[in-house]
Amino acid sequence: MSENRFAHLVLLPPALWLLLIFAVPLGIMIAVSLGATDPLYQAVYGWNPGNYADAFDPLFAPVLLRSVLYALATVVLCVLIGYPIAYYIARFGGRYKNLLIAIVVLPFLVNYLVRTYAWVAILSDEGLVNGILADIGVAETGVQFVNTPWAVIGGLVYGYLAFMILPLYAALDRMDPSLIEAGKDLYGSRWQTFRHVTWPAAFQGLAAGCVLVFLPAVGDFVSAQLLGGADTYMVGNLIQQQFLEAANWPFGAALTIVMMGFLLIWMSIYLRSAARASREAMT
């Protein structure tokens, strides 16, 4: 009983902190999403579930679809870029593994907004890339990088690539290298060894990386605002506009709750997959 009482006392402060920081604001957000705006554009609590119906208005469908497609493209590119990096560090990093991981993480210690502004300076019409292209005579008139979907997706990939590399590296680093050698000894080709040995060992890390990249990418608004334009705005930009420009807090809150519900579905799918994989590993 004394141990249980001590555990409860230890858990009480962080539980209260989580309640104060997460649960209370979420409750306020839900209450605001059911409210309305008065003539002075102030949020008024009430019962107006029509805000959620407006969130599913076909008018906003392109923005929601664009957000999902951009996030999925970001996940695919992060896998294609991050998997080889994680595999190389885990398999061939040797005593330099920690240094290589530090190099991967170091840029992400800088504020995300500052890093995105740096890409704006690099990719703008008079930026570094266009200056180099003009100097070597490739494109004298310049190439438009900013205000394109590719710039937005590139910004998302740069912003969240480490979230893919780290769980992949953790999964691959735990894998016994002798399993790969055993696959080769059994006359397995590189593809067969990868399919039957490396891929299963890294799958949970890959799944975790996909979730860690997709969840923040689908709600991101910084890359779309700074590297894109009106035609590349995502749901995060739509929510930002409702709060800051349109002064329609109830509708912005409803959009936020809908997006959180969508992300919760993805998170639950991953958790079920992880739990199933854990049970299979134990058996």
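Now for a look at the structure at hand. Predicted, not measured: the structure shown is a model, and the values here were computed from it.

How each quantity is defined
- Residues take numbers from 1 onward in each chain, read along the sequence in its written order.
- With pLDDT at 70 or above as the cut-off, local features in this predicted model cover only qualifying residues; side-chain atom pairs require 80 or more to be listed or tallied, and sums for whole chains, interfaces and linings still use all residues.
- Values shown for side chains rest on all heavy atoms present in the structure; no hydrogens or waters enter the calculation.
- The aromatic pairing rule takes the rings of Phe, Tyr and Trp, using the six-membered ring of Trp, and pairs them if the centres are within 6.5 Å, calling planes under 30 degrees apart stacked, those over 60 edge-to-face and the rest tilted.
- Secondary structure elements follow DSSP: runs of H or I of four or more residues count as helices, runs of E of two or more count as strands, with numbering from the N terminus.
- Residue burial is assigned from relative accessible area. The probe radius is 1.4 Å, only protein chains are included, and a residue is buried under 20% of its type maximum, exposed over 50%, and partly exposed in between.
- For the purposes of this analysis, a disulfide is any pair of cysteine sulfur atoms at a distance within 2.5 Å.
- Note on definitions: angles span 0 to 180 degrees between N-to-C directions of axes, and those axes are lines fitted to C-alpha atoms, for helices only across the stretch in contact.
- Between 65 and 115 degrees an angle is taken as roughly perpendicular, under 35 as roughly parallel, over 145 as roughly antiparallel, and anywhere else as oblique.
- Note on convention: the crossing is left-handed when the near helix lies turned anticlockwise from the far helix by less than a right angle, right-handed when the turn is clockwise.
- The contact criterion used is simple: two residues touch if any of their non-hydrogen atoms lie within 4.5 Å.
- Each residue gets one of three labels, nonpolar for Ala, Val, Leu, Ile, Met, Phe, Trp, Tyr, Cys and Pro, charged for Asp, Glu, Lys and Arg, and polar for the others, Gly among them.
- Side-chain atoms within 4.5 Å are what join buried Ala, Val, Leu, Ile, Met, Phe, Trp, Tyr and Cys residues into a set we call a nonpolar core.
- Polar contact is the term for a pair of N or O atoms within 3.5 Å; when the atoms are in protein, one must be able to donate a hydrogen and the other to accept it, and sequence-neighboring residues count only if both atoms are side-chain atoms.
- Patch criteria: residues need more than 30% relative accessible area and no salt bridge. Like-charged residues are merged within 9 Å; nonpolar side chains of Val, Leu, Ile, Met, Phe, Trp and Tyr are merged within 5 Å.
- Note that accessible areas follow from Shrake-Rupley with a 1.4 Å probe, and for residues the cover is restricted to the protein chains shown.
- We define a salt bridge as a side-chain nitrogen of Lys or Arg found within 4 Å of a carboxyl oxygen belonging to Asp or Glu.
- One less than the number of residues in a helix, times 1.5 Å, gives the span that helix is expected to have.
- Here the bend at a residue means the angle between the axes of two seven-residue stretches, the one that ends at it and the one that starts at it.

Moving on to the packing of aromatic side chains. Tallying each qualifying case throughout the model produces twelve aromatic pairs. Where Y112 meets Y160, the ring centres are 5.7 Å apart and the plane angle is 50 degrees; that geometry is what we call tilted. Of this pair, Y112 sits in helix α5 (residues 112-123) while Y160 sits in helix α7 (residues 149-174), and the two are 48 residues apart along the sequence. Both residues of the pair, Y112 and Y160, belong to the buried class. Among the aromatic side chains, those forming a connected cluster through ring pairs are Y87, Y88 and F92.

With that settled, consider the state of the cysteines. For the coordinates displayed, the defined rule picks out zero disulfides. Cysteine C78 is unpaired, with the sulfur of C210 as its nearest cysteine sulfur at 9.0 Å.

This paragraph deals with the packing of helix α4 (residues 97-105) against α7. Direction vectors running N to C along α4 and α7 enclose 160 degrees, while the axes themselves pass 10 Å from each other. Between α4 and α7, the angle falls in the class roughly antiparallel. Between α4 and α7 lies a crossing of left-handed hand. Along its contact with α4, which presents K97, I101, V104 and V105, the element α7 presents A162, I165, L166, Y169 and D173. Residues belonging to the contact of α4 with α7 are distributed by class as follows: seven nonpolar, no polar and two charged.

What follows covers the nonpolar core. Formed by 49 residues in total, the largest nonpolar core has its most connected members in L156, M164 and F214. Those elements that place two or more of their residues in this core are α3 (61-92), α4, α7, α9 (190-218), α10 (222-227), α11 (235-244) and α12 (249-282). Setting aside chain neighbours within four positions, we find M164 in contact with V75, C78, V79, L206, G209, C210 and V213.

Glancing now at the side chain of S33. Structurally, the position occupied by S33 is in helix α1 (residues 2-33). Among the residues examined, S33 registers a relative accessible area of 0% and is labelled buried. For S33, the side chain forms a polar contact with the main-chain oxygen of I30, separated by 2.6 Å. Here S33 is in contact with N48, N51, Y52, P250, A253, A254 and I257, once residues within four sequence places are set aside.

Here we take up the side chain of T198. Mapped onto the fold, T198 is located in helix α9. T198 gets classed as buried once you look at its relative accessible area, which sits at 3%. What T198 contacts, discounting residues up to four positions off in sequence, is Y83, Y87, L172, M175, I180 and T193.

There is a patch of nonpolar side chains on the surface, built from L12, L16, W17, L18, L19, L20, I21, F22, V24, I28 and Y45 and spanning about 1100 Å² of accessible area. Note on placement: L18 falls in helix α1.

Taking 1.5 Å per residue as the helical rise, α3 with its 32 residues ought to reach 46 Å, and the 46 Å between its terminal C-alpha atoms agrees with that figure. Its axis deflected by about 30 degrees at G82, α3 carries its strongest bend there, up to four residues before the proline P84. Taken from the residues just after α3, G94 is the one with a positive phi, measuring 60 degrees.

The next subject is the environment of L123. Following the sequence through the fold, L123 ends up in helix α5. Between the C-alpha atoms of L123 and P200, which are 77 residues apart in sequence, the distance is 39 Å.

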